[in-house]
Amino acid sequence: MVLKNIGLLASPMGKKVKKGPEQGNITLIENAAIVIECDRITYAGPDNSSIKGDNQIDCKGALITPGLIDCHTHLIFGGWRQKELPMKLAGAAYLDILAAGGGILSTVEKTRAEPIEELYQKTNMLLSEILSYGVTTVEAKSGYGLNTETEVKCLKIAKKLDIVHQVDIVSTFMGAHALPSEYKDRRQDYINLIIDEMLPLIAKQDLADFCDVFCETGVFSVEESGAILEKAKSLGLKLKIHAEEINNTGGALLAAEMGCISAEHLIKIDDAGIKALAKKNTIAVCLPCTSFYLNEDFAPARKMIEAGVPVAIASDFNPGSSPNLNLQLAMNMACYKYKMTPGEILTAVTLNAAAALGRQADIGSIEEGKIADLLIWDAKDLDYIFYRYGSNLIKTVIKKGIIC
Ligand code: NIG
Ligand code: FE
């Protein structure tokens, strides 16, 4: 396949995460062409008359970028939580709703009860919607099962959909998402269940690439999170952590100390945390839609970039704190609220997001050798997609060299 008449090709370059001034330093090529053989890019650069192919696509002067990568979602869950909206409007705090048995725990009940076939169909539909917004790879965290059977059920759905659906899925085990109500007075027993039963089983059945923990006041402490991540690491899983989302508990320091690939949320990160992430090259995954929906502060993404922390942006799609799965909206918010530049944000949802999933060698940029995950936008320049918020500006999605 040959893409001709590209008005502007915009992409970060390379196979490594970008930080500091490098994050905004993307390549822009006017009047470009891309050649794809099987599922890989074999040429991306200036167009000329010698570039031809049997299957030629006229891009009509459009903007082309890499496929978007949503590197933080809680994709698989039963039901929805619109009933929390009145409580939220009346001023109930997120952690209060959770402590009262609502929040995550109410979704756990629905996820446990939902037959696997229904949950599979629902997730399949969500993936198709995600793809329509230009997302070609998505991370999916478990964590609405909180027992071995349902955690495995959800991870198996992700594994099957990764094969069946066009969107690629990277799975993360997050059994430490909340303390299930049946363990209310036996928290150590639940932590032991994760460490002694769930993690070994998930590693053995190869059901996840990553392990994540919700390190937060009233959820899992730094010590408990450390013990769970330690075990995951010993089993060969890569690590992520939900840190400093609602309170600063020191999760970012733990992320750096344990060699987590990413620390996520970080609304309340302090200077010591930022310094630790920068030193270890830990990727900060920032989630502006969550701040918006919870009416919370926005993570100090600008400050982190300036301190040399690589930043990725994701949707945090979940039923409780971010019911939006349009990553374009997260990109707009990163621009308006984090004050990140279009170039920095493009890197944050492509190459840096790929790195947050350990996939930077294969996806996240448009260059020879990478997988042909590409977007043809209904736009002629990059600024336009950050300006026209609220519309889906994707014209065509190309996934592994195939038009979706
Ligand atoms: O990323 N922080 C923890 N988990 C989700 C929310 C999950 C829920 O409320 O269902 C989050 O915000
Ligand atoms: Fe999250």
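Everything below is about the structure shown above.
This structure is a prediction, so every number in the text was calculated from the model and none was measured.

What counts and how
- Residues numbered from 1 in each chain as written.
- Chains lettered and ligands numbered in written order.
- Predicted model: local features only at pLDDT ≥ 70, side-chain atom pairs only at ≥ 80, totals over all residues.
- Heavy atoms only, no water.
- Donors = N, O, S within 2.8 Å, 3.2 Å for Na, K, Ca; no water.
- Tetrahedral: all angles 85-135°; square planar, octahedral: opposite > 155°, others 65-115°.
- Helix = DSSP H or I, 4+ residues; strand = E, 2+ residues; numbered from the N terminus.
- Buried < 20%, exposed > 50% of the residue type's maximum accessible area, 1.4 Å probe, protein only.
- Polar contact = N/O pair within 3.5 Å; in protein donor to acceptor, adjacent residues only side chain to side chain.
- Near = heavy atom within 4 Å.
- 1 Å grid on protein atoms, 1.4 Å probe; cavity = no way out; pocket = protein on both sides within 12 Å on 5 of 7 lines; lining within 4 Å.
- Sits in = over half its atoms within 2 Å of the grid points.
- Nonpolar A, V, L, I, M, F, W, Y, C, P; charged D, E, K, R; others polar.
- Points joined across faces, edges and corners; volume = space filled by probe spheres on them.
- Salt bridge = Lys/Arg side-chain N within 4 Å of Asp/Glu carboxyl O.
- Pairing = 2+ DSSP bridges.
- Axes fitted to C-alpha atoms, helices over the stretch in contact; angles between N-to-C directions.
- Contact = heavy atoms within 4.5 Å.
- Phe/Tyr/Trp six-rings, centres within 6.5 Å; stacked < 30°, edge-to-face > 60°.
- Lys NZ or Arg CZ within 6 Å of the ring centre and 35° of its normal.

**Student:** What is the right way to read the coordination of the iron ion (ligand 2) from this model?
**Tutor:** Protein coordination of the iron ion (ligand 2) is provided by His72 (NE2), His74 (NE2), His242 (NE2), His265 (NE2) and Asp316 (OD), with donor distances spanning 2.1 to 2.8 Å. Taken together, the six donor atoms coordinating the iron ion (ligand 2) and their angles of 71 to 170 degrees define a geometry best described as octahedral. One chain supplies every donor to the iron ion (ligand 2), and in sequence these donors are spaced H-x1-H-x167-H-x22-H-x50-D. A residue pair is termed long-range when its members are at least 10 positions apart, and His72 in the loop between β6 (68-70) and α1 (85-89) and His242 in strand β10 (residues 238-243) qualify at 170 residues. The burial state of His72 is the same as that of His242; both residues are buried.

**Student:** Just checking my understanding: could you explain the side chain of Lys240 for this structure?
**Tutor:** Its location among the elements puts Lys240 in strand β10. Classification of Lys240 by relative accessible area gives buried; the value is 0%. At 3.1 Å, the side chain of Lys240 and the side chain of Glu264 are in polar contact.

**Student:** Where do I start with the site of ligand 1 in this structure?
**Tutor:** Of all residues adjacent to ligand 1, which total 15 residues, the nearest are Tyr94, Tyr144, His177, Glu245 and Ser321. Measuring from an oxygen atom of ligand 1, one finds a side-chain N or O atom of Tyr144 at 2.6 Å. In this structure, Glu245 approaches ligand 1 through a side-chain N or O atom, which is 2.7 Å from a nitrogen atom. In a pocket analysis with a 2 Å cut-off to the grid points, ligand 1 is assigned to the largest cavity. Residues of the shell around ligand 1, tallied by class, amount to four nonpolar, eight polar and three charged.

**Student:** Honestly, empty space enclosed by the protein in this entry has me stumped. Any pointers?
**Tutor:** For the structure on display, the rule yields three cavities of 30 Å³ or more. Roughly 80 Å³ of volume is contained in the largest cavity. The wall of the largest cavity is formed by His74, Tyr94, Ile104, Tyr144, His177, Phe214, His242, Glu245, His265, Asp316, Asn318 and Ser321.

**Student:** How should I be thinking about the pattern of salt bridges in this particular structure?
**Tutor:** It is possible for side chains of opposite charge to pair when their charged atoms get near one another. Evaluated as defined, the whole model comprises 19 salt bridges. Across the pair Glu182 and Arg112 runs a salt bridge whose closest N-O atoms are separated by 2.9 Å. Note that Glu182 is positioned in the loop between β8 (168-176) and α6 (187-204) and Arg112 in helix α3 (residues 104-113), a separation of 70 residues in sequence. Look at Glu182 and you get partly exposed, because its relative accessible area is 36%. A relative accessible area of 27% means that Arg112 is categorised as partly exposed. Among the charged side chains, a network of salt bridges with common partners joins Glu139, Lys141, Asp212, Lys240 and Glu264.

**Student:** Explain the sheet that holds β8 here, please?
**Tutor:** Two pairing modes exist for strands in a sheet, parallel and antiparallel, and in both the strands are linked by backbone hydrogen bonds. In spatial order, the strands read β6-β7-β8-β9-β10-β11-β12-β13; together these eight strands make up an open sheet with parallel pairing. Each end of this open sheet is capped by a strand with a single partner; those strands are β6 and β13 (311-313). Averaged over all pairs of adjacent strands, the angle between their axes in this sheet comes to 25 degrees, without regard to strand direction. Examined bridge by bridge, strand β9 (residues 210-213) and β10 share two bridges and lie parallel to one another. Counted as the bridge partner of Cys211 is Leu239 from β10. Sitting on the sheet, helix α12 (residues 327-336) is in contact with β6, β7 (135-141) and β13, with an inclination near 90 degrees to β6.

**Student:** Looking at this model, I keep getting lost on the packing of aromatic side chains. Mind explaining?
**Tutor:** Here the distance between the centres and the angle between the planes together describe a pair of aromatic rings. Counted by the stated rule, this structure contains eight aromatic pairs. Aromatic side chains Tyr336 and Tyr389 sit 5.5 Å apart centroid to centroid with 75 degrees between the ring planes, which places their arrangement in the edge-to-face category. With Tyr336 in helix α12 and Tyr389 in the loop between α15 (382-387) and β15 (394-399), the pair connects residues that are 53 residues apart, well separated along the chain. Members of the aromatic cluster, connected to one another through ring pairs, are Phe77, Trp80, Tyr144 and Phe317. Directly above the ring of Tyr293 sits Lys88, whose terminal nitrogen or CZ lies 3.9 Å from the centroid. The ring of Trp80 carries Lys122 above its face, with NZ or CZ at 4.8 Å from the centroid.

**Student:** I would appreciate a short explanation of the pairing of β7 in the present structure.
**Tutor:** Regular strands place side chains that alternate from one sheet face to the opposite one. β7 sits mainly inside the fold: seven of its seven residues count as buried. As judged from the three bridges shared by β6 and β7, these two strands associate in the parallel manner. What sits directly across from Leu68, in β7, is Val135.

Scope: geometric values only; no functional claims are made or implied.
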